[in-house]
Amino acid sequence: MLRDRTLRLQFGHRLEAVCVLGTRLSVDVFGAAPPEAVNFSVKHSQDVSVEVLSHDQSDLAPANGAKQWLLDPATFLQIQMTQPSVETNDSKVTVGYYGDNGEHPINQAGIFLTGIGISLDVDADHDGVVEKNNPKKATWTWGPDGQGAILLVNCDKENPFSSTEDYQDEKIFSKEDLEDMSRMILRTQGPGRLPAGYEMVLHIPLSDSDKVGVFYLQNPFFGQRYIHILGRRKLSHVVKYTGGSAELEFFVEGLRFPDESFDGLVSIYVSLLEPMAEGIPQTPIFTDTVVFRVAPWIMTPNILPPISVFVCSVKDNYLFLKEINSLVSKAGCQISVCSRYMNRGDRWMQDEIEFGYIQAPHKQFPVVLDSPRDGGLKHFAVKEILGPDFGYVTQEPLFEIVTSLDSFGNLEVSPPVSVHGKEYPLGRILIGSSFPISGGRRMTKVVRNFLQAQRVQSPVELYSDWLTVGHVDEFVTFVPIPGKKQFRMLMASPSICYKFFREKQKEGHGEAIMFKGYSGTDTKRVTINKVLSNDIMVQENQYVQRCIDWNRDILKKELGLKEKDILDLPALFKIDKGGKAMAYFPNMVNMIVLSRNLGVPKPFGPIIEGECCLEQYVSSLLEPLGLACTFIDDISSYHKHLGEVHCGTNVQRKPFAFKWWNMVP
């Protein structure tokens, strides 16, 4: 759509005006006419197009001025430049005014025109090319046919001598830093110089100054120095006009992820300013706009292939590390062990961080989300993970109290699902919360708002405050399987455990001993008969099952699941003095998933014919799905500290093949 600008003629004078290609000058003919004028004619240069509009009638004016029109208050001209000027004021439009005789003009008014092409351009169609004047560059739309440029938060660290993310400073350390940014090109066409007093200015609104930064290559023939021109305190920058056909390249970085007060959209403008007179401010006569959406932080579910497993070395987990190492070797991925010096005795790698990634058409890289729990691993993500092409983000509550529910064992994501025709191609985030009518623990608002604001993995709140620790990974996980559904959801189930134990009792195995081979603090002889005869434990687990079933119903509804998509793993819980539940034996749902290789907490279940019957049951459930179960002894190093294998490990995974901008939130 062409943009119009009003211009007023003055009879007896010739004005000077700049006309940007693709815009129109709307000129009032009647207002500049001498009192005795009746008709008018229009004469113009060949590179100018002039239409005479009157009472919804349009007439193209010939260049030679041979035609006359009746003067009327409703008559005006629409002037366009068809090509850029070679010199300033090299085109003109002359209006001649005629009296009754109509032979010779009684007066004239005119305009000297300078045609300039200006286009601020971005990659608006996600193909990696900054195309010229894409009509959708000033808007953002989602979906496979969507349009709009994408911006990455420059949250990695290219400079080894810096302690913070790249976006925290206003410098370019290396060309690799530029690769994290989106290109923006200002294309211009026109004479060797602008008319006197005119300026081109790049600018951003004050509201976006903490969300976007722009760099420009200064003196490209003398050392290539990139200067910071927009962002933070800098709201505008005068662009040097170079004349002819030119392209000025800029690099744009995101400074902030979407959150409660930021919808992820930022705008950058270029304006052509026209001088008036000394002491009078310049006025914008043309503005071109581009819009970027800041790429969201995206979590990766268990069904995606593992890249690297992270785990802590603490004083009592040597054997655990050995078993994890063996499992990682089977899975063919890497392992990263956090030293005791770095972890300060904090073993809960899952609780401290969550791995995800950010993606634009030109670049993607992993980004770790640091939890607000801040235990001994507080500095681990910044000191050990943040680096070139590995970003970092955190959300710190200012006034809220951080609880156990802010640990990221309480932050999971489902595989891709379809719910009543609504597609979630990147899955849905799951977070544990308090019972809807209680005033219990809840993940801090700043973290919940951050997750919600990313828009691509619409979070689901579950009920986890019934647990001592209170994490969703204590009762639900997902495993990959072949086929259309691609996954099964696993849930902890006391009722399945009691049913299984009753079957074994009926088969004559009631005296089968649990915790055999474990020389921990609990040395009492525990059998199937004792578990089944413990009425208090039965009642406690009935309550636990109701809590899990509450979540089961939510998950079925919000993830579009059927009962056939869910597998129940035997689990038992006991209630602590505060009325919260903790696992009685190692909770097998709290496993690590490395493609088809599962690291399952060794349950130390009843031994029947020399084998743990719980291990046999779970293997018979999962191995037909193509999964391999490795049972890992975590009872002394993690279970007795109220956690399991999943709590003590973390997995960086490959990103989705699906491009997030192709979805519709």
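Structure report, in brief. (Residues numbered from 1 in each chain as written. Predicted model: local features only at pLDDT ≥ 70, side-chain atom pairs only at ≥ 80, totals over all residues. Heavy atoms only, no water.)

A word on empty space enclosed by the protein. Inspection of every chain in the model, using the stated rule, returns two cavities of 30 Å³ or more. Considering only enclosed or pocket space, the largest cavity measures out at about 180 Å³ in volume. Lining the largest cavity we find 20 residues, and of these Asn302, Glu354, Glu412, His646 and Arg653 sit closest to its centre. Classifying every residue of the lining of the largest cavity by side-chain character gives 11 nonpolar, six polar and three charged. Roughly 40 Å³ of volume is contained in the second largest cavity. In the lining of the second largest cavity, the residues fall into six nonpolar, one polar and three charged. (1 Å grid on protein atoms, 1.4 Å probe; cavity = no way out; pocket = protein on both sides within 12 Å on 5 of 7 lines; lining within 4 Å. Points joined across faces, edges and corners; volume = space filled by probe spheres on them. Nonpolar A, V, L, I, M, F, W, Y, C, P; charged D, E, K, R; others polar.)

With that settled, consider the pairing of strand S9 (residues 91–98). Each regular strand carries side chains that alternate between the two faces of the sheet. Where burial is concerned, most of S9 is hidden: seven out of the eight residues are buried. Examined bridge by bridge, strand S4 (residues 39–44) and S9 share six bridges and lie antiparallel to one another. Its bridge partner lying in S9, histidine 44 is registered against valine 93. Relative to strand S10 (residues 105–121), S9 runs antiparallel, the two being bridged by eight bridges. Note that in S10 the partner of serine 91 across the bridge is leucine 113. Taking the residues between adjacent antiparallel strands as the criterion, S9 and S10 are bridged by six residues, where glycine 102 takes a positive phi near 70°. (Buried < 20%, exposed > 50% of the residue type's maximum accessible area, 1.4 Å probe, protein only. Helix = DSSP H or I, 4+ residues; strand = E, 2+ residues; numbered from the N terminus. Pairing = 2+ DSSP bridges.)

Our focus in this paragraph is the environment of valine 270. With respect to the element layout, valine 270 can be found in strand S18 (residues 265–274). Owing to a relative accessible area of 1%, valine 270 belongs among the buried residues under this scheme. Note: C-alpha distance between valine 270 and methionine 489 (219 residues apart in sequence) is 51 Å. Leaving out residues up to four positions away in the same chain, valine 270 has contacts with Ile118, Leu120, Leu186, Val201, Leu202, His203, Phe286, Thr287 and Asp288. (Contact = heavy atoms within 4.5 Å.)

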